[in-house]
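# Residue-level structure breakdown
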Amino acid sequence: MIKIRVINGPNLNLLGTREPEIYGTLSLQDIQKRLEEEAAGYGIELDFFQSNHEGDIIDKIHDARAAGFSGIIINPGAFTHYSYAIRDAISSVGLPVIEVHLSNLHAREEFRSRSVIAPVCKGQICGLGADGYSAALYVLQRRLQS
Ligand code: CA2
């Protein structure tokens with residue numbers, strides 16, 4: 001069975017508690033449940049992870065290949081804009097990675113429109129709320145199952 005790892009970065013554990021106009025009303029647990037249902041429909045196993053710590057996120061990326069994952073969906077949170085360490089981990093893992101953001105990075109503060117992660121990913125989805133995760137899962141399963 002194909003396995004996909006979903007990694008969420010700092011502060012995303014607070015989803016659904018504040019700033020619903022930017023991030024929507026779903027909690028991270030809601031998003032996880034939805035994605036797990038969709039993954040089950042595709043016959044895919046999902047590992048859903050959130051951390052506020054850069055090193056823990058890097059460890060999950062490093063470990064993904066050995067643990068049998070075929071692809072990664074990542075919302076690196078604010079690390080998106082400055083973590084060369086996460087970027088290096090992604091470029092060394094040798095798995096397809098899709099970057100997802102709930103909000104439209106290009107409609108916000110200028111610093112958010114730059115991702116240091118996007119160049120080492122297959123693609124970036126932003127501004128579509130929780131549907132962005134579903135879109136990333138759809139694309140990965142389509143590519144991995146063909
Ligand atoms: O739009 C996204 O998904 C972001 O990755 C979310 C990050 C932000 O730093 C990125 O620029 C874009 C922040 C997530 C913080 O989420 C909160 C949700 C509710 C209350 C407080 C924070």
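A brief structural summary. (Residues numbered from 1 in each chain as written. Predicted model: local features only at pLDDT ≥ 70, side-chain atom pairs only at ≥ 80, totals over all residues. Heavy atoms only, no water.)

We now examine the overall build of the protein chain. Within the protein chain, the secondary structure is distributed over five helices and five strands. For 146 residues, the compact-globule estimate of 2.2 N^0.38 gives 15 Å, and the C-alpha radius of gyration of the protein chain, at 14 Å, lies within 12% of that figure. Along the three orthogonal principal directions, the C-alpha set of the protein chain runs to about 40 × 30 × 25 Å. Taking all 146 residues of the protein chain together, the buried fraction comes to 45%. When contacts within the protein chain are restricted to residue pairs at least 6 apart in sequence, long-range pairs at least 24 apart make up 77% of them. With the model as given, the accessible surface of the protein chain reaches about 7,200 Å², and the carbon-plus-sulfur share is 48%. (Helix = DSSP H or I, 4+ residues; strand = E, 2+ residues; numbered from the N terminus. Rg over C-alpha atoms; globule rule 2.2 N^0.38 Å. Buried < 20%, exposed > 50% of the residue type's maximum accessible area, 1.4 Å probe, protein only. Contact = heavy atoms within 4.5 Å. Areas by Shrake-Rupley, 256 points an atom, 1.4 Å probe, with all protein chains shown as cover.)

Relative to the elements of secondary structure, Asn75 occurs in strand E3 (residues 71–75). You can call Asn75 buried: its relative accessible area is 3%. At 3.5 Å, the side chain of Asn75 and the side chain of His101 are in polar contact. (Polar contact = N/O pair within 3.5 Å; in protein donor to acceptor, adjacent residues only side chain to side chain.)

Our focus in this paragraph is the packing of helix H3 (residues 54–66) against helix H4 (residues 84–93). Direction vectors running N to C along H3 and H4 enclose 5 degrees, while the axes themselves pass 9 Å from each other. Accordingly, the angle class assigned to the pair H3 and H4 is roughly parallel. Packed against H3, whose contacting residues are Glu54, Ile57, Ile58, Ile61, His62 and Arg65, the element H4 presents Ala85, Ile86, Ala89, Ile90 and Val93 at the interface. Residues of the contact of H3 with H4, tallied by class, amount to eight nonpolar, one polar and two charged. (Axes fitted to C-alpha atoms, helices over the stretch in contact; angles between N-to-C directions. Parallel < 35°, antiparallel > 145°, perpendicular 65-115°, else oblique. Nonpolar A, V, L, I, M, F, W, Y, C, P; charged D, E, K, R; others polar.)

To continue, consider the state of the cysteines. Enumeration according to the criterion identifies zero disulfides in this entry. Among the cysteines around Cys126, which has no disulfide bond, Cys121 carries the closest sulfur, lying 13 Å off. (Disulfide = S-S within 2.5 Å.)

The next thing to look at is the site of the ligand. The ligand sits among 16 residues. The nearest are Asn75, His81, Leu102, Ser103 and Arg112. With respect to the ligand, the side chain of Asn75 contributes an N or O atom lying 2.8 Å from an oxygen atom. The separation between an oxygen atom of the ligand and a polar side-chain atom of Ser103 is 2.5 Å. Computed on the free molecule, the ligand has an accessible area of 510 Å², of which 94% lies beneath the protein chains in the complex. Of the residues belonging to the shell around the ligand, the class tally is seven nonpolar, six polar and three charged. (Near = heavy atom within 4 Å.)

A few words now on the pattern of salt bridges. For the coordinates displayed, the defined rule picks out six salt bridges. For Lys33, the salt bridge goes to Glu37, with nearest N and O atoms at 3.1 Å. You can see Lys33 and its partner Glu37 sitting in helix H2 (residues 28–42), four residues apart, about one turn around the helix. Take Glu37: its relative accessible area is 48%, and that puts it in the partly exposed class. With a closest N to O distance of 2.7 Å, Asp131 and Arg34 form a salt bridge. Of this pair, Asp131 sits in helix H5 (residues 131–145) while Arg34 sits in helix H2, and the two are 97 residues apart along the sequence. Overall, Asp131 belongs to the partly exposed group, its relative accessible area being 46%. Residue classification places Arg34 among the partly exposed residues on the basis of a relative accessible area of 31%. (Salt bridge = Lys/Arg side-chain N within 4 Å of Asp/Glu carboxyl O.)

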